[in-house]
Each structure stands twice: as structure tokens, then as C-alpha cells.
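Examining the three-dimensional arrangement
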Amino acid sequence: MGSQLNLTRLLLLLAFSLPGFSKPFLHEPNTECGVPTRLNQVCPVVCVRLISQCPPQLTDPAIAQCKPPKNVCVDGSCSSSCNNKDLTPVCSCPKSGFVLAGEASIPGTWLPCSLPSSNRFVLNVSYTQLQTEIVDHPNLPLWESCQAKGSFKIKMDNPTHVINECSIAPPTRTKNLLAPEFLIAYCIMTVEIFILFMHYLYKSSRERNFKDFRRNSNPMSPSTANEDRNSKFSEGGDLEMQDMISGSSGDPNIRFTGYQIDTWGNIASITCIVTSFLWVILLAVLVLDYYQVFSKFNFRNESDLLFNDHELLSTVFIVSWHFVTFWFLGLKLIQDKSESYFGRRVPLSIAQMVLVEKKMVEAVAIANMGYIAEKVRKLENHFRKWTGAEFSVSMVPVETTSGGRRYIEYECVRYVYDDRSSTFLPYTFKVGPRCSDLYNRASGLQTTEAHNRMELGGENRIAFPADTWYTAAFKEFTGLFYIYEMMSLWIWYYYAYYYMGLVLTFVIISSGLSKVHVFLAAQRRVLSMANFTGSVRVLRNGAWTLLSTVDLVPGDVIEVASSDHVFPVDAVLIDGGAVCDESSLTGEALPVVKFAVKNDADLIYRKDDSFKNNNLYAGCFILEAQASTRGRPVLALVTATGATTSKGKLVKDILFPMQISFVFNEHLKVVFPILIGWGIIMLLLSMFFMGSIGADSWFYGMFTISQVLSPLLPAVLVIGQSVACDRLAKKGILCVDLDRITLSGKIKVYCFDKTGTLTREGLNYLGVQPLLQTATSKPQFGSVINEFSRLPVQLRVAMMTCHSVSMVGDQPVGNFVDIEMFSATNAELSRAVGEDQEELEISGGTFVYPRGNGDHNLIIVKRFEFVHSNAYMTVLVRDPVDNKLYVYLKGSFEKIQEICDPSSLPTDAQDMASFHASEGCYVLGFARRELHPSISLLEATTMARSSLENGGIQFLGLCLFRNELKPDTAEALEELRDGGCRVVMITGDNVNTGVFVAKRCGMIRATEYGEPVILVGDLDPRDETQVVWTHKGNKGEQNKIVTPFALNTMIMASRAGTHRPLELAVTGKAFNVLLQRGQMRDLLFETRIFARMSPDDKVMCVRLHMEKAITAMCGDGGNDAGALKAAHSGIALSEAESSVVAHFSSRERSLFSCVELLREARCALDISFASYKYLIMYGEILALLGLLQYYFTVNMSQFMWVVIDGTTVPLSWALTKALPAQRLARTRPTARLLGPETVISIVGQIIINVIFGIIAVAMLFGERDNNGWFKCKEFYSQFVDLRKWWELADNFEGEVTGIVIVFQIVHSAAVNNIGNVYRSGFWRNRVFLAIYSSIVVLLSALTLANPNTISCLFRTNCGTKDALLRLNSETGTNYATEFLGIPSSYYSFEGHNVMPYQFRVRLWLLCMVNLIVLVLFQWVFVLGLGRKIAKARWPLTRLEYRT
């Protein structure tokens, strides 16, 4: 009734409460209601000098009847002889410095007029005193009412009557900022500042005579530096070192500054640590003193507090709190350079420590992150340059080798001090450069030479100091936000809210420790594969010796032997061969065969993939060592050790990753300052609304700041990521970087390797297409035959002999294609030994034993391995039956075609090979040459390969393989594309094969305008600086060259979406040419297939996509490890060690791992925003409606606050339990904290909640009209002690606003649980529903139930027994007055805050309507119409692309 009128009135009252206007009459006694009266108050004991002076109305009958000869004793007893010294007086104060109320300094004995146990003089107390008097003397109105009832007067000059209540004798001392209490804080800060300043003067004086000792790691040109070092080594007589050692010119972005440990600096640094502990101890003492823990130790004997009274104590706490805050913020800002400040700068030549400053590489950013994020990045970069914070800083100790060389180890690399350049430089060791040079080093190293190399390059280990729990926790918990959380919690601990402070402390520490655990687990996983220590035979001083793998250096010659341990170094084979298991490095399932490098003076050795058949890599396993001569060891020359190995570089990339810029993180940098600024505004408004600028108003305002910027915010975001991480782990997907989960929720481009990722591992043998010989015309192709027994004899021999397969036990090892082909023959292999070797007349041959088909045994005399430059392999075969020698060749059709006799080739050979390639086949050609009978076996084995392959080579046919798709590839890609992801292939395979696989898996698919137009870009064979585009026609269409003009026309038509879509495919060479010309970026999102891409090309391709969109890379962790690491999100479908470079690795090699990752990541990102908005709403509701409470100077009860903060943690956690949506949506969840959708959602909810909060208060004050139940029951804030905030809840205003606030906060969690696009939906989150429903039931019971134990615990609908009895009598209700927990006192004048049941129902319905309006707003407007309006009103520059 009249709610609209009262709502208008309340708004006017709030408006006129602005500065310059007095507070409204709601807080003041008025003529209609009279002065406020507290009912049913009990008079305290009155004490007098003589019993005859006792007021009759306030005198106990037993005392009044005590007549001479008996007297009243000090304990209230009636006795003829009172020995007062042995009695406990009633009228006394046990603590010195305290006196009875009204007592003067006149000595004497006070006698009680009544006993406390029998004192039941009840009266109603009227409050007519000023507010300041009431606050200083809370019981003053009761004393005066008792004086009026007893008709006596307390005289302060010569009192005859006093009140038996103790109070401090002197008045509350005026706050003096120079009082001893404040001097504690001043002394701590002043002494420490003095120490630091004196150290600065001392440090400056010691460093004054020195120049600037900062040195870059490349102080001179490389040539000059090398000349100086070579000169130095020449002086030592070690001439060989000149050729083998190269001092790197270093990184120009790294600079060194030398420091020495200084005794006085150490003392100053220790004082900083001590000061930090002193600050914490001081705050702890102040907090404990608030709870009167030190009541027995007060140095003044004036109070139960060390600091005399709460106002003074609070002021000391506030001053100390600000000192501590600035202290820890200052320590954080100078944390990186603190060691250099306490050290003494010296030349690098005598430094004990080196400050390494490395220019930070700017984080990889996305082109369309938005205006706000771009501005933030620019401002951050300008600020870093202005403050000199663009360098990462590390202090590393200088160590000395046994030979006296000084070095440091930074980021796994050893830097050795160079006297000539006066700086530290990294060293690398040359190997080669010619292959023949490798053989010249076959005699091994001398001990002195190896020792020199050890000192320069370091031990064969990855020098990385692993973090302990302590160091990892220190790094985690010294962040800026943790400082904010710590200082906020100190306020909670102090101001009677320690229980929730402990809960939040537990949550914050737990979330931080979970991040530490994930970090350490990932680090341990990396380091466990980084180093291995064992023994190996090494050729030193011309003799074999057994050394630890740690002692190996580049240039050592080692024996390669089969072992269960990992190979410890990178090396190149120079004698013999080996069978290696590289699955842990490359993900390849089958072992590979390695051969000795050729002793060729014209061949330049490189450590890249061109020599991968000769290189042994650290981390592989040697399954078998194959000696070139029986009894001779297999030899390898060490090319790299420690961090310079392939594995070491991999580990280094993992330990020191590249920074990634994400719009979510960029917006956080803006949101936090905005919230802090808004919190400060709320602080000032709170102090104004409280009508005070004292210490208590400061606490209320600081509570508001901690609510606006919740300390739980980072913890909740981590919890969401951890939940998603656990769910991924259950699905076999391991995450090593929690932050990448939410980043993966914005994936727009998914890049895939082909072999082993889209397709099965290896190739499937399809068959052979032989030639049909005719007498009258050129040979022609027959049909493809997949049965080995039906093949011509020559092709059967070729398949059984022309391969690289070897046997390790019963297992064939070698190239996967060769194994697949040889398995189709059912033949067996055996190395020639014993009698077989004598029969063969040479060593190293292999016997082939066919099964069936009438084939006889064959002997592979010699093999020439596959060389990338030739693209084919050759074998020399002897037929034991006719003793003839044959040369068989197998390789790419293009190369075989070049070396064959043209007359042996069919006229359609090229077309047939292209046709098979377009059908996704891997096409190999077979050829054969019969050697002249005059060439003996021994002569043939000594012939050069070029001689054996020269002349008379006859083409035999084509061997076909196909890389079959995985069974779920097409379905997974379809779901990714339907989920709005562009899928791209980056492969090292043939471009035609890539196009075929893309068609088969649906990566290239038709649209409503027809089949796509496919253009293949490759280099023009006539001019390799030009890219030629060829239209790959579909069936029935001819291939044709497309001009640049036609290409541009087709691109524009395809982008318009009104013609057949255009799909481009480029080779690696064409990719690099287009990149150099600046054209590749424009064609990037028209290009679907990147073929013949090297590992470096893959990295570059991924980074190009990263410039445009959030990009994921999926591979097997082998040659695409670099791309996996470079991507925003890398997922390896492998458990190989190389897969640890990826942010995610999957045990299942299914492409649905990518789908699962995307589902979980989008869900996690959406949930992160839901949690973020929930905590923002938590703060804003408490802040804005809290201002409404402060306006009335009311608050919520302690247990109501427990409900608010105690449910925030479980509700936030429950939000993260939402399961991901079953299908991927076409869109991605927003990552813009300041985007229109997020801002509209938050601001809209705030406005709705404020309106409903005002309506609730208007409903309450509407009950004053027409003699309503609330008339004359307003809370009179003038007579309240703000320090006792929990007493401000025992009133109707605090009750109503408290119920509305708690409902709104809980409802906010429900509103943010809405969403079924990226999550499974509101009703499927059963954990949330259970927690939310439980809380709503509790709140509903508190709102609707009559007085009971629980409601009194929350100070809601409760009161004292007398007040409830009076209420029953006045209103005819039948409230219970005898139950557990009924309070003996209530801090309202009425003695209760029980609302009529009808009003309770209306209030509860209002809260439910509030929920409905919020749900409709979020569901219909924000997620529906509002999203459309926002996209139309504030459109983003979105990337246009086809999935």
C-alpha cells in the first residue's frame, strides 16, 4: 500500500543526502514518535557510602531489612562483623586504572544497594542525550533513567551514589600522531629508510671510481672476436682448437653487469627481510590486541587493550596498514633489481655475480584484438621503455672451472668470460665442414683438448636449476594481486571478520598451490627427460676408456652400442650403422636404420634433415649396432652436447616459452584499475554516508573496496581452469599450461599435420602396376596387381631386395614404406655370417629367403641408402642360381624416369603417375640394370654408385601406397568446421597427395555453388623466382595455368560468396617466395594446403596465422614440434618426449582429441566469464546496496556475512562444474571483459538489483503510513557505536536490506549459470543446482519462518524473550519464546526485528520476482536481442574466412 509513493519519497531522500544536505529525518527522533525508547532495561547496582543513602526503589529487600547491630558488608551480605578485607566487594573494578561510574578520587568504601543476582529493576529507557555522549558512554541513558527512578543524583565533585559499572578513569585520550603507539610504526619505517639511504651513499662512494661496467654479449664484431680468441689459443700451442672452436658473437639483446657480494649490502638486505617480518608481526599484534589477547600486559593499566581504546588502536592499525602496503609494493617493484642494489658494481673480470638483462620479446599479438587491448599494449610498451622495464633481469653467480676459467650459466647456456672482449660469450664447436673432415677426427681427442672444450662448453647436461616447492611458491605468492589479497585479509582479520578471512585465506592459498603443483609437475616432466647420466666408451689419447656421459664434449669419438638407456648426445656415424628407436623424439612408431656418413671431400656436412639418416640424436634408443666389419666397433663423432643438442634446444624452448598476448589478459589490465578507482569512490561515499571520517568509516570503506575487487577473482579463474584440466586428463589429454585452456576457447584456425594426424601412421601397400611388353610398340601399363604371386619375376625380385629393411630379432626395422612393401612379399632376411659370408666372398651382405612362388634365394650384396638429393635408393643383388649381378633402383617416379632408358618408358608414364598421385597414392618407380658378366663380384662392390647407375636402366613399373585416413578424421573435421574453425593442412608430403587427402577428409568440400576451384602454387621450373598457379581440374577437367589477373578475379569472386569457392594449395618453395614478396599474408586465408613444408616453414606458417587469429596446431610431436610450441595452442597426438613442447598431449591418436579440447576450452572460457561477472556482481551489489545500508547506518549480522562470503566460494566452484556443450557452436565465447555484451550484462544486472533494493526499502517504509506496523520503529543510528558493526543488524532496515542483498548475490550466480551454447545448460549443472537450491531454501526459511534457533543465529525475525512476549500480547501472534539460542539482549530499541508474516511473504516474492527479471534480462536481452543490438551498434572488425 502506497509503495509507489514511498518509493518516490525514498528516492528524494536519497537525492537530498548528497553533500551540502543534512541527513533525512529517518535517523532522527521526530515529534510524532517522540524520543527513542529502549524497553525492558535492567538498572545496574547502585553503590553508596551509607546504606541509608540507597534509593528505596532500587534497594534489595534483604539489604533494606539489614538493621543494627548487623551491617551490610561490601559483598552485600548482612553480618554483625564485616571483615571487608577478606570479602569480595560488589562495588569495585578489578583492573587498576578503572573506576566505578561516577566515582571521584575521594577514598572510601562503597556498599551495594542490591545484589546483581537479585537486581530486576526493569524500566524503559529514553534516549535524550547527544550522539557523542552516547558513543563515549553507551550506558549513560540507562544510568540517568535509574537516577530518575530512584530519585537520586550522581555528583561528580563529592559523590554519594555511583553505578556499579567500570569505566576508564581518564577520558579517552585525544589521538596524537606523535603518541608512543604511532612511534612504533614510525621507528620501523624510519630506521629502515635510514639504513637503505646510508647503504646508497656507501654504495655510490665505492662505485664512484669505476666506469659503467654494463657490457653487451657482442662487444666486438664476430671476426675480431674470433681472431682474438684464436690468437689466445695459438699462444697456448693448441693450434687445433682454432679450427674447432668458435666464440659466438652473442645476443645483442643481452647485456651483463658485474657485481660483488658486499658485507654491508648483505646487512642492509637482511634488515629489509627483518623489517618485512616486523611489519607482519606488528599487524598481527594489532589484530590480536583488538580481541584483547594482551589485556594483562597493558603498559598504562588504563584499558584491556595495549593501545588504550579501540579508536586509538584502529588509528594505529590504519597508519601501520598503509606503511606495510607501500613497503611491500615497493619491494615488489624493485624485486628484480634488489640483488644488484645490495651488491657492489665491479668490472666483469672480478665479478662474483652477473646481472643479466635480456630485452623482452614483445608478446605475439592478434591483429584484431580491439581498440582497448591495442591501447593497453601500446601504453604498456611506452611505460616499459620509460621506466627501463623492457628488460628481464636475472642475477646469476659466477663460477670457476678447475682450469680457472670464469663462466656463468643463463637459460641453459654457458657463457665463458673472454679477456679480449671483457665480457661473457657463449661458445659453439665446429664440426666439419666437409664430410671428409669428420673422418679426419676419427682418432678422437686428447685429454687436454677435451678438458679445454669442457671448460668452454660445459658438461653434457642441461644446466637448469629446478624450482623447489619453496622457490615456486615464492614466485607465485609474491605477485601484486597477492599483496592486495594479503592486505585486504588483514582488514578482515582485524575488524571482527577473522573466520571468513581464514576461509578466504585457505581458498587463495589452495588455488595458488594448485598452480604451483601444475607448474612443478610440468617442470619435473621436462627435466626428467632432459638429463641422463650413464657410462660410454670414448676414444681418448688413442685408447678406449669408459667415461660418464656427463664428461662428453663435441669432437669425442664414442662407441655406439645397443642399450636400454637413451643416447646422451647428438652425433654422426662415421663407421658402421645402427638401428634406432626415435619414437620418443619424433613419434614415429617404427625403428629407423642409420648409416655412416660418406667420406666425401665434396660433400658439406649439415646437422639438418638432409643428413638425418646419418645422425644420431640425443634421446633416441640404440636397438642394434651394425658393424661395418666383424669385430669392429660402430663409431660416432659427437657433434653437440647439453643444451646445444636437438633435445636440449627442445627443452630450452619449453623452459623459456614465448609470451602470448590474449585479449582477456589485456582487458584485465584495464579492469583492475577501473575496479580499484571505483572502489576508492565507494570508499569516499561510504565515509560520507556513515556521516563520519573516523577510523571506523575507513574500515567500512575498505570493506567496500575488497568487495568491489574481490580477492577471490584470480582464484576463481584458476579453479575453472583446473576443473577443465582435470576433465581433459580423464579424457586422456594432458595439459602443461593452465592459461592455454581459456586461450584455446578462442581458437579460430586449426592447423593439422597430415601423416599420423589426419591419416594413419605410415602407408598402406596398394599394389604394383607392371609394364606389358609388346614386340611391336612401346611398353604399356597393365592393371594394378596387389597379389605378390601374380607379379612378374623382375618386380618380385625388386620388392624383395630394393629396400632398407633390417632385422632386429624377429622385428623388421627401417623405413615404414620399405617395411610395408617387404611384408607383402612374405620373404625373410638374414645377415651373411659364417659359411654364408664365405659363400658371398665379401662381408656385410644380406640373404633373402622367399616363401613360395618358385622364387629362389637372393643375396643383397650392397645397399646405397636413400638420399634426398637423389630421391631414390639403389641395391646390388646377386642371383646365386645364375651368378649374375643386378642393380635395382626404387624412388620417386620423377627421378626414376630421368635415369631410365626412354625406350623402356610408356608414353603415358607421366600422366599415369600424376593420376595416381591425385588419387592420394604415394607413387614409387622400379627400375633394373643387369651388369655385364665380365664384372666380378669384387669389382662390383668397389664400383662407385654413379657407375652402377649409369646406362642401360630399364623401367619396370610403379609401386603404389596410400596413406589412409583415420576412421574418425572426416567426422572430427566436420565438427570443427561446423564449430566455426578454419581447418588447414601443413604437411611435408606431396601437394597432390595433400589435395587428395583434403578432399577425402572434407577439408575441401563443395558448397551450394558447386565443387571448389583448386589452384596449386609452385615455382616455375624455368624461373624459380616466379610462382605458377595451376588449376587442378576435377574429373573430366584438364589442368591449366592461371594468370595472376585471373587469380585475383577468382579470389574476389570467392570472397564475395556468390561463386564456386576457391581453395589454394602451395608448396614450401612457393610459400617462401610469396612470403618474401609480401603476398602470402593476403593469400593466407584462401590457402588450404601447405605442402612440402620443412619444420621451419611449418613454424612460419603457424605464426602467420597467429597474426590474424587464435591458432592451434595439431601434430604428432615429431618434425612439427616447433610449430606445436609456437602456436597459441598446440596439441600433440603422441606421448613421445617431443610432445612435451605442446601445451596439450593426447594419449589417444584420434582427431576427436582436438574436438574435446575445443569443447572444454570454450566451456572453460565461458565459465571464466561467468565467474568473473558473478564476482563483479557480488562486489557491486554489496557496494551499492551497502551504501543504502550505510545511509541508514545499518549492517548485516555476522552469520549473514558468513552466508554471503561462505557461499561465494562453493557457488563459484559450482559454476565451473558445468559440462561442455555436446556440439561445438558456430561462434566462440567472448574474451573481451570490456566488450559490449559483458558490460551490458553487468550494468543491466546492477541497475535491476538497485531498483529492487530500493523497492524493498520503500515497501518497508511504506508500513509507517496509516499506523502501519513499522511506524515509530525506525532505527536510530545516532545512538550507535560504529565499532560494533555486528550490532547494526538488529533492526528492520538491516534485516530487509540484508535479505535482499544475499538473495541478489545468490541469484547473480544463478543468472550467470545460464548458457547452453558453450555449456550443457542450466539444468545439467547438477552440482550448482544442489548448492544453489540449498542456499535459496535456507534464505527462504530465514525470510519466512517465525522466530527460531536458526533465525536468531542470523539475527533475522528474532528478539529477546521479553520482546517476543510483548509482541504476542500486542499483535495476537503466538511466537515461541522458549527455544535454544534465544538472545538475552537485542541491539534495537524494540528488542526484536520480527516482521509480520504478510510482509515477509511480500518480501520473499519480491526477491523471487527479482530473480525472474534478472533471468529474463540475461536470457532474452543479453544473450538474444542485446547481443544482436551490440553487434550492430558496436561492430568489431572481424576476420572474414571460410571454415
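Note that the structure is predicted; figures quoted are calculated from it, not measured.

1. Observations regarding the pattern of salt bridges
- Scanning the model with the defined rule gives 38 salt bridges in all.
- The shortest N-O distance in the salt bridge between Arg1000 and Glu964 comes to 3.7 Å. Of this pair, Arg1000 sits in helix α32 (residues 991-1001) while Glu964 sits in the loop between β40 (954-962) and α31 (969-978), and the two are 36 residues apart along the sequence.
- A cluster of three or more residues bridged by salt bridges with shared partners is formed by Arg727, Lys731, Glu1156, Arg1159 and Glu1160.

2. Topic: the nonpolar core
- Counting residues in hydrophobic clusters, the biggest one holds 186 residues, and the most contacted among them are Phe317, Tyr750, Phe752 and Leu976.
- The element best represented in this core is helix α38 (residues 1152-1192), accounting for 22 residues.
- Other than its neighbours up to four places away in sequence, Phe317 contacts Leu283, Leu286, Val287, Trp490, Ile491, Tyr494 and Phe699.
- Membership of the second largest hydrophobic core comes to 51 residues, among which are Leu1083, Phe1090, Ala1123 and Ala1127.

3. Side note on helix α33 (residues 1044-1056)
- The end-to-end C-alpha distance of α33 is 18 Å, a good match for the 18 Å that 13 residues give at a rise of 1.5 Å each.
- The complete set of buried residues in α33 reads Leu1047, Ile1051, Ala1053 and Ser1054. On an axial view of α33, the arc spanned by its buried residues comes to 165 degrees, and they lie on one face. When the buried face of α33 is taken as reference, the exposed residues oriented beyond 90 degrees from it are Phe1045, Met1052 and Ala1056.
- On its buried face, α33 is in contact with β42 (1013-1020), β43 (1023-1031), β44 (1040-1042), β45 (1062-1067) and α35 (1080-1083).

4. A few points about the environment of Leu976
- As for its position among the elements, Leu976 is in helix α31.
- In this structure the C-alpha to C-alpha distance between Leu976 and Tyr750, which are 226 residues apart in sequence, comes to 8.4 Å.
- Leu976 has contacts with Tyr750, Phe752, Cys981, Val983, Cys1154, Val1155, Leu1158 and Leu1224, leaving out every residue within four places of it along the chain.

5. Some words on the state of the cysteines
- In this structure the tally under the stated criterion is 6 disulfides.
- The disulfide partner of Cys54 is Cys113, and the gap between their sulfur atoms is 2.0 Å. The sign of the S-S torsion, about -90 degrees, decides the handedness of the disulfide formed by Cys54 and Cys113: left-handed. With Cys54 in the loop between β2 (46-48) and α2 (61-64) and Cys113 in the loop between β6 (111-112) and β7 (122-126), this residue pair connects regions lying 59 residues apart in the sequence.
- Residue classification places Cys54 among the buried residues on the basis of a relative accessible area of 9%.
- You can call Cys113 buried: its relative accessible area is 0%.
- Between the sulfur atoms of Cys1352 and its disulfide mate Cys1358 the distance is 2.0 Å.

6. Overview of the sheet that holds strand β26 (residues 621-626)
- Strand order in the open sheet formed by 3 strands is β24-β23-β26, and the pairing between neighbours is antiparallel. In the strand order of this sheet, the two ends are held by β24 (592-594) and β26, each with one partner. Adjacent strand axes in the sheet meet at a mean angle of 25 degrees, parallel and antiparallel pairs treated alike.
- Relative to β24, strand β23 (residues 577-581) runs antiparallel, the two sharing 3 bridges. Of the residues in β24, the one forming a bridge with Cys580 is Val592.

7. Quick word on the packing of aromatic side chains
- All told, the structure shown has 46 aromatic pairs when counted by the stated rule.
- Ring plane angle 80 degrees and centroid distance 5.2 Å describe the contact between Tyr290 and Tyr291, whose orientation is recorded as edge-to-face.
- The exposure class assigned to Tyr290 is buried, which follows from its relative accessible area of 8%.
- Tyr291 gets classed as partly exposed once you look at its relative accessible area, which sits at 30%.
- On the numbers, 6.0 Å between centres and 80 degrees between planes, the contact of Phe893 with Phe955 is edge-to-face. Here Phe893, found in helix α27 (residues 893-899), pairs with Phe955, found in strand β40; they are 62 residues apart in sequence, far enough to count as distant.
- The exposure class of Phe955 is buried, given its relative accessible area of 2%.

8. Looking at the side chain of Gln1245
- Within the element layout of this structure, Gln1245 appears in helix α40 (residues 1236-1262).
- Exposure remark for Gln1245: the relative accessible area of 0% places this residue in the buried category.

9. Some points on the pairing of β23
- Within β23, 5 of the 5 residues are buried, leaving the element largely enclosed by the surrounding structure.
- Where burial is concerned, the two faces of β23 agree: the one with Gly577, Val579 and Asp581 and the one with Ala578 and Cys580 are both buried.
- Sheet topology note: the β23/β26 ladder contains 5 bridges and is antiparallel. Looking at β26, one finds that Val579 is bridged to Glu624.

10. Looking at the sheet that holds strand β25 (residues 615-616)
- Read across the open sheet, the 6 strands follow the order β20-β19-β21-β27-β22-β25; overall the sheet is antiparallel. Looking at which strands have only one partner, the edges of the open sheet turn out to be β20 (543-548) and β25.
- Sheet analysis places strand β22 (residues 570-575) next to β25, joined by 2 bridges and oriented antiparallel. Bridge pairing in β25 places Ala571 opposite Leu616.

Criteria and cut-off values
Residues numbered from 1 in each chain as written. Predicted model: local features only at pLDDT ≥ 70, side-chain atom pairs only at ≥ 80, totals over all residues. Heavy atoms only, no water. Salt bridge = Lys/Arg side-chain N within 4 Å of Asp/Glu carboxyl O. Helix = DSSP H or I, 4+ residues; strand = E, 2+ residues; numbered from the N terminus. Core = buried A, V, L, I, M, F, W, Y, C linked by side-chain atoms within 4.5 Å. Buried < 20%, exposed > 50% of the residue type's maximum accessible area, 1.4 Å probe, protein only. Contact = heavy atoms within 4.5 Å. Expected span 1.5 Å × (residues − 1). Arc of directions from axis to C-beta. Disulfide = S-S within 2.5 Å. Pairing = 2+ DSSP bridges. Axes fitted to C-alpha atoms, helices over the stretch in contact; angles between N-to-C directions. Phe/Tyr/Trp six-rings, centres within 6.5 Å; stacked < 30°, edge-to-face > 60°.

Structural measurements only, silent on function.
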